[in-house]
Amino acid sequence: MKVSVTTIDLHELDVDLILLPVTEDDRDRVVEAVVGDDETGLLAVEDFKGAEDELVTVYLSGFQSRRVTFFGLGSADAVSLESLRKLSAAGAATASRFKVDTVAVGLPETELATEAASQALVEGFVLGSYRFRKYKTDADDGHEVQRLVVHAESNDKPARRGAERGRIVAEAVSTARDLVNLSPNDKTPTLLSKEIERLGKKHGFEVSVWDKALITEEGMGGLLAVNLGSMEPPTFTIMEWQPENAVNAKPIVLVGKGVVFDTGGLSLKPTKDSMDLMKSDMAGAAAVIAAMEAVARLDLPVYVIAMIPATDNRPGENAYVPGDVIKMHSGLTVEVLNTDAEGRMILADALSYAKTYNPKLVVDLATLTGAAVVALGSGVAAVMTNQDDGAPARTDAMVRAGERSGDPVHPLPMFDHYAEQLKSDVADMKNVGGREAGSITAGKFLERFTDYPWIHVDIAGPSFLKSARGYHSVGGTGFGVRLIVEYLREFVALAQK
Ligand code: BES
Ligand code: MN
Ligand code: ZN
């Protein structure tokens, strides 16, 4: 979708449909300016008050573009970036109902900064238009808008910056969604790594892929153990974005869980509402890969490394078994008591390897525990961090990034005593901590492999939807991409101050 910004008069705009978000406070002014004394138009908007979720389409003769759809936003001081995204996605649905090719969306009068509002409108529209059609053999039944124009009243500079960022970010989110929605047989670890290499070439970040031999040489015992039951070899992929103007000398390292399919292994999952969702168990990887796409395309002045340990988890003949003790990359030994707690096994090796970069901060994204879904539902991710003096500030920054970005996260505590649930009779630790506080014990497990500032985001809930919600269609949501981009943008802004 092409995205542009214009300040020309609405009446002259040559598009098939104009979307006009209007607040209650601004309703009379907008109606006066747009409808004027067009009698049929005035009748059509008579009952439109600008209340939230109100929607009316009018056909105006004095317009290049005949169709104008008014969207109510409610009270001006209550408008949020998220309400603009949702509204814009509703606009995309309207556009697809009318099967139009070109759409303009007006920037409403609110208390929000123009740049952020413009970004939110574009994001909502592009994300709301997303369809995954790769495996559909019939002719396209949907409709695609070709061009979106953001209409700004006067100064178009901030609107332009926002619209451009909104497009890049939304396209990155779409990349993540595509990866999650891919059929498992199309995303073996090897194929996933090839895709990362392709994206690196396309967007300008470095990629190197380790094969099984290298992974073995490096002693990634966790990743190798999970992979034992699989016919497909594991991969470990490292991405790097190091611009000359980076604000940081020590890198920020991102880690994404890349379990391309999680059967549970010998601790096999039931099919319904469990294993049947597990092509999404690489959603952390997808978010990290797509965040690298966005960082590169936005040309963010920040040094970032990203790592994807990838394998599937299967009950093959050679599969690891409950009771196996595994020597991890860090040297710690882990007693595996449930082969379905595989995510932490592969992440632990990546977190341990991350030490070699002397990182400023490590952030991992992982569909790690069903317990996170129970705790926070399917809209919010759980965030945890290691307990040092910087912990509250790190958590706050991630929560703020969640609020701004539309990828909300909520903190879980990381008190020391939770680690006791991981005590093993035979090894340094167990890979499961029992039923209580399942997301936190997973976090405590990972913490053992870190010796640097670290944030863990458990995205098991919001990474995949069984039914559409807001600007997310069924399937992969791309959760985490916008969260990471916003986190990094603030990191840059604070460093440049
Ligand atoms: N991939 C799952 C977690 C998951 C569950 C993601 C639901 C998305 C939706 C993970 O590998 C897993 O199986 N976790 C186990 C851990 C348990 C065995 C300690 C879980 O949550 O049941
Ligand atoms: Mn599992
Ligand atoms: Zn898993």
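Going by the structure above, here's the rest.
Below you will find a few notes about this structure.

1. With respect to the coordination of the zinc ion (ligand 3)
Looking at the metal site, the zinc ion (ligand 3) is ligated by Lys257 (NZ), Asp262 (OD), Asp281 (OD) and Glu342 (OE), spaced 2.0 to 2.4 Å from it. Each of the six donor atoms bound to the zinc ion (ligand 3) contributes to angles spanning 78 to 175°, and the resulting shape is octahedral. All donors to the zinc ion (ligand 3) come from one chain, and their sequence spacing reads K-x4-D-x18-D-x60-E. The manganese ion (ligand 2) is placed at 3.1 Å from the zinc ion (ligand 3), the two being bridged by Asp262. You can see Asp262 sitting in strand β10 (residues 258-262) and its partner Glu342 sitting in the loop between β13 (333-335) and α10 (343-354), a full 80 residues away along the chain. Each of the two residues, Asp262 as well as Glu342, counts as buried.

2. Examining the environment of Arg177
Structurally, Arg177 can be placed in helix α5 (residues 157-181). Residue Arg177 is classed as buried on the basis of its relative accessible area, which comes to 0%. Taking the C-alpha atoms as reference points, Arg177 and Phe479, separated by 302 residues in sequence, lie 8.5 Å from one another.

3. What to know about the site of ligand 1
Residues in close proximity to ligand 1 total 15 residues, the closest being Lys269, Asp281, Asp340, Glu342 and Gly370. Between a nitrogen atom of ligand 1 and a side-chain N or O atom of Asp281, the distance comes to 2.8 Å. Within the backbone of Thr367, one N or O atom sits 3.3 Å away from a nitrogen atom of ligand 1. Its residues assigned to classes, the shell around ligand 1 comprises four nonpolar, four polar and seven charged.

4. Observations concerning the pattern of salt bridges
For the coordinates displayed, the defined rule picks out 28 salt bridges. For Asp312, the salt bridge is made with Arg314, and the minimal N-O distance between the two is 2.9 Å. Counted as one network, the salt bridges with shared partners bring together Glu82, Arg85, Glu123, Asp407 and Arg482.

5. Let's talk about the sheet that holds strand β5 (residues 102-106)
On the basis of which strands lie adjacent, the open sheet formed by six strands has the order β1-β6-β5-β2-β4-β3 and mixed pairing. Each of the sheet's edge strands pairs with one partner strand only, and the pair in question is β1 (2-6) and β3 (55-59). Along the sheet, successive strands turn relative to each other by an average axial angle of 20°, direction set aside. Both β1 and strand β6 (residues 147-151) contribute to a ladder of five bridges, which runs parallel. Looking at the pairing, Thr6 lines up with His151 of β6. Of the strands in this sheet, β1, β2 (17-22), β5 and β6 are in contact with helix α4 (residues 114-129), which crosses β6 at around 155°. Relative to β1, α5 is tilted by about 170°, and along the sheet it contacts β1 and β6.

6. A few points about the coordination of the manganese ion (ligand 2)
Summarising the metal site, the manganese ion (ligand 2) is bound by the protein donors Asp262 (OD), Asp340 (O), Asp340 (OD) and Glu342 (OE), whose distances to it range over 2.0 to 2.2 Å. Around the manganese ion (ligand 2) sit six donor atoms; with metal-centred angles ranging over 70 to 167°, the donor geometry is irregular. Taken in chain order, the donor set of the manganese ion (ligand 2) reads D-x77-D-x1-E. Of the residues examined, Asp262 reaches a relative accessible area of 3% and is grouped as buried.

Reading guide: rules and limits
- Along each chain, residues carry numbers from 1 onward, in the same order as the chain's sequence is written.
- Chain A is the first chain written and ligand 1 is the first ligand written, with later ones labelled in order.
- Per-residue local features of the predicted model are confined to residues with pLDDT of at least 70, and side-chain atom pairs are confined, for both listing and counting, to 80 or more; whole-chain, interface and lining totals are unaffected and use all residues.
- Side-chain metrics rest on all non-hydrogen atoms present in the structure, leaving aside hydrogens and water.
- Only nitrogen, oxygen and sulfur atoms within 2.8 Å of the metal, or 3.2 Å for Na, K and Ca, are treated as donors, and water is left out, so sites may look incomplete.
- Geometry is assigned from the angles between donors: four donors with all angles from 85 to 135 degrees make a tetrahedral site, four or six donors whose opposite pairs exceed 155 degrees while the rest stay between 65 and 115 make square planar or octahedral sites respectively, and everything else is labelled irregular.
- Counting from the N terminus, the helices are the DSSP runs of H or I reaching at least four residues and the strands are the DSSP runs of E reaching at least two.
- Working definition: with a 1.4 Å probe on protein chains only, accessible area under 20% of the residue-type maximum means buried, over 50% means exposed, and in between means partly exposed.
- Throughout, the term near means that a residue has one or more heavy atoms lying within 4 Å of the molecule or strand in question.
- We call two N or O atoms a polar contact when they sit within 3.5 Å, provided that within protein one can donate a hydrogen and the other can accept it, with sequence-adjacent residues counted only if both atoms are side-chain atoms.
- Charged means Asp, Glu, Lys or Arg here, nonpolar means Ala, Val, Leu, Ile, Met, Phe, Trp, Tyr, Cys or Pro, and polar covers whatever is left, Gly included.
- We count a salt bridge whenever a side-chain nitrogen from Lys or Arg sits within 4 Å of a carboxyl oxygen from Asp or Glu.
- Pairing between strands requires that DSSP locate at least two bridges from one strand to the other.
- Comment: axis = line fitted to C-alpha atoms, over the contacting stretch for helices; angle = value between 0 and 180 degrees taken between N-to-C directions.
- In this description, contact between two residues means that some pair of their heavy atoms is separated by no more than 4.5 Å.

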